[in-house]
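Fold and geometry: a report
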Amino acid sequence: MSKMPRASSDSSSSSASPAAPPPPEFDALLDYIKRSRGFDFGGYKRAGLQRRILRRMQIVSINDFSAYQDYLEVHPDEFTQLFNTILINVTGFFRDPATWQYVADEVIPPMLAAKGPDDPVRVWSAACATGEEAYTLAMLLLEALGPQAFEKRVKIFATDIDDDALNHARQASYTQQQVEGVSPELRAKYFEQSGGERYVFSREFRKALIFGRHDLLQDAPISRVDLLTCRNALMYFNTEAQAKVMARFHFALADDGVLLLGRAEMLFSRLALFAPLDLKMRSFLKVPARNARERLLVATQADGDAALIPPPPGGGAGEAAAAVDHMRLREAAFNSDPAAHVIIDPDGYVVLINKQARLLFDLSGRDIGRPVQDLELSYRPVDLRSCIDRARQTTRPVELKEIPWPIPGAGAPRYLDVQCLPMFDGDGKLLGFKATYLDVTRYKRLQEELQQSHQELETAYEELQSTNEERETANEELQSTNEELETTNEEIQSTNEELETMNEELQSTNEELQATNDELRHRTIQLTEANAFLKSILSSLRSGVVVVDRELRVRGWNEVAEDLWGLRVDEVTGKHFLELDIGLPVEQLRPGIRAALAGAADGAQVVTARNRRGREFRCRVACVPAAADGQGVWGVVLIMEEETPAA
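About the cut-offs
Residues numbered from 1 in each chain as written. Predicted model: local features only at pLDDT ≥ 70, side-chain atom pairs only at ≥ 80, totals over all residues. Heavy atoms only, no water. Helix = DSSP H or I, 4+ residues; strand = E, 2+ residues; numbered from the N terminus. Buried < 20%, exposed > 50% of the residue type's maximum accessible area, 1.4 Å probe, protein only. Areas by Shrake-Rupley, 256 points an atom, 1.4 Å probe, with all protein chains shown as cover. Axes fitted to C-alpha atoms, helices over the stretch in contact; angles between N-to-C directions. Parallel < 35°, antiparallel > 145°, perpendicular 65-115°, else oblique. Left-handed = near helix turned anticlockwise from the far one by under 90°. Contact = heavy atoms within 4.5 Å. Nonpolar A, V, L, I, M, F, W, Y, C, P; charged D, E, K, R; others polar. Pairing = 2+ DSSP bridges. Salt bridge = Lys/Arg side-chain N within 4 Å of Asp/Glu carboxyl O. Patch = residues over 30% accessible without salt bridge, like charges linked within 9 Å, V, L, I, M, F, W, Y side chains within 5 Å. pLDDT = per-residue confidence, 0-100.

Some thoughts on the overall build of the chain
Assigned secondary structure in the chain consists of 19 helices and 20 strands. Relative to its full complement of 647 residues, the chain shows a buried share of 39%. Working note: accessible area of the chain is about 36,000 Å², and carbon and sulfur atoms make up 52% of it.

Here's what the structure looks like:
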């Protein structure tokens, strides 16, 4: 899995031109995040970190880091969205199947074979994201050990810096799409289907997994781990942070522990801590501390002993000539030696100087027989007298390696290997000392060039590694974006379906409203016709007509009533009939109105009234119940007319 982390300035270089450094406001934003939320992104690569923060800023329509910091202060919920953007959780069950097949075939069997039948098995899944990798390890160990031994022996520590991802992992619930990488056989053995749409890892085996928050750069590592997986998380960190994490992984692993990295990650600069097990699969073995120190100690020793050839036995002219020939042979051999040699007797006088020594130290035959302390050779390039004293005391060669010898006007210094060898005869008597100077300047230069080449090669490897990590980071960001787009598309599709359903419901509602409107229009036409009919009837009557409801509110008032009492229909509609100030004594009509509301028609009642012109007359008022079919009495119709005197 990858976690961008799950990682300060990006110290890795690439072949492309370097990106412009982030502005100071960017550092201020990172410091604010660290102070307010405890997330330290100082070890992450700046380029990727800045890119993801800018992406979140674009979503909230902010273009300035300072403004975004202000936004975080006002909207603390934004931290969750920001961390979800920075900490890319790209993972899956059996991601890169070839890698997990390799773990099942080549890593787990030797690891279990090296343990006793009851020894614990400790596994650490670092940067586990939503837990798919940890559950993948659990299934592989279940297949290798069986359920009973797994529950008894195995502990899988799954850690991450993202609390939301860990909560998801603890639930162990995944969608059909998320478990597609699990074979049907393993799915049937280790998952329980929930609701037909989600798969939950078996609760029985989930006890062996321990999920916890852990910062690879800040928190102490888990110890005594047999297998440590951290796939595609290191690529988000810069070089210093990677070195820090790898040192912690080295501490965490047991001596025969295995480290498994992602396909975009290598350990070119950390080979002293780990040895490759399978570079293609990015698996490494821990190098115990003692071997790491031994790798740093390279011991070399040259044998500078020279045999002394004794002179031939004396006797005769032929023997003398042979002795001379032997001496010339020894002198020729002495002078032709590529190393510079100076022979010194036990009293400190120069006995022999070969040709190479004369050229190297500007000596001549006149210097033979002189005390060595009178020569510049006694203190340059090394203190020869102290070397002679040490050789005399220890009776062993004294060797000094790669002694720099600055030569005026020559630029770079020369380098000499110096040896002071004590020489003894067959009886162990000290004959003198041989000082040997071997010019190793060329080898020193070659060694420096080789070291520089190694450094350049390592730099090139790290640049290549950084490029691979950047590419893998970009791929995972694209994968994350694709997943987000897929989710968005599904949400859009679901929204479209909901909108289509709402449109259908609205269309059905519109049809119902249309039918209701048609019916209302028909009723309105009927009502209009009825009102017109009623108005024509009321207008045709020569008596005043007033219609009241059960609350005695006026609902009808014809033109004759207007002429009688001097009030228009709009002045009385809705008013209480008994409260009207007209020439009719309305209080006297209350009994008749009550009787009509009760359903009885008690006949007409004659009262003295005064019309709008002030003329008194006897008014005959009839109260008739107003009833609707099957609904009872809803009001009273009062018919008022002037009583004609009897003839």
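Having put the structure on the table, let's press on.
Details of the packing of helix α5 (residues 97–113) against helix α6 (residues 132–145)
Where α5 contacts α6, the axes come no closer than 11 Å and their chain directions differ by 55°. The angle between the axes of α5 and α6 places the two elements in the oblique class. The handedness of the crossing between α5 and α6 is right-handed. Only E133, T136, L137, L140, L141, A144 and L145 of α6 make contact with α5, whose side of the interface consists of W100, V103, A104, I108, M111 and L112. Among the residues making up the contact of α5 with α6, the classes are represented as 11 nonpolar, one polar and one charged.

What about the sheet that holds strand β13 (residues 398–405)?
Taken in spatial order, the five strands make up an open sheet running β12-β11-β15-β14-β13, and their pairing is antiparallel. The sheet terminates laterally at β12 (350–353) and β13, the two strands that pair on one side only. Across this sheet, the average inter-strand angle for adjacent strands is 20°, counted without regard to direction. The pairing of strand β11 (residues 340–344) with β12 spans three bridges and is classified as antiparallel. Looking across to β12, one finds that I343 is bridged to L352.

Regarding the environment of L589
With respect to the helices, strands and loops of the structure, L589 is situated in the loop between α18 (569–572) and α19 (590–597). On a C-alpha basis, the gap between L589 and V607 in space is 8.7 Å, while along the polypeptide they are 18 residues apart. Beyond its immediate chain neighbours, meaning those up to four positions away, L589 contacts F577, L584, Q605, V607, V621 and L638.

Looking at the pattern of salt bridges
Scanning the model with the defined rule gives 29 salt bridges in all. Residues E484 and R55 are paired through a salt bridge, measuring 2.8 Å at the closest nitrogen-oxygen approach. Of the two residues, E484 is situated in helix α16 (residues 441–540) and R55 in helix α2 (residues 46–59); the sequence distance between them amounts to 429 residues. According to the relative accessible area criterion, E484 is partly exposed, its value standing at 39%. A salt bridge links K115 to D226; the nearest nitrogen and oxygen atoms lie 3.1 Å apart. In this pair, K115 is assigned in the loop between α5 and β1 (121–125) and D226 in strand β7 (residues 225–230), connecting sequence segments 111 residues apart. Owing to a relative accessible area of 22%, K115 belongs among the partly exposed residues under this scheme. A residue is classified by how much of its surface remains accessible, and D226, at 7% relative accessible area, is buried. Within the structure, one salt-bridge network assembled from shared partners comprises R51, R52 and E477.

A short note on the side chain of T473
Note that T473 resides in helix α16. Filtering out sequence-adjacent residues up to four positions away, T473 remains in contact with R51, R52, M235 and Y236.

Notes on a nonpolar patch on the surface
A grouping of L457, Y461 and L464 is seen on the molecular surface, where their side chains present a nonpolar patch of about 270 Å² in accessible area. Summarising the element assignment, L464 is placed in helix α16. Residue classification places L464 among the partly exposed positions, given a relative accessible area of 47%.

Here's the deal with the confidence of the model for the chain
For the chain, the mean per-residue pLDDT works out to 82, and 87% of the residues sit at or above 70. Long-range and interchain partners of residues 4–18, a stretch whose pLDDT sits below 50, account for 54 contacts in this model, where long-range means more than four residues apart. Low confidence marks residues 291–321, where pLDDT is under 50. Its contacts with residues over four positions away, or in another chain, come to 24 contacts.

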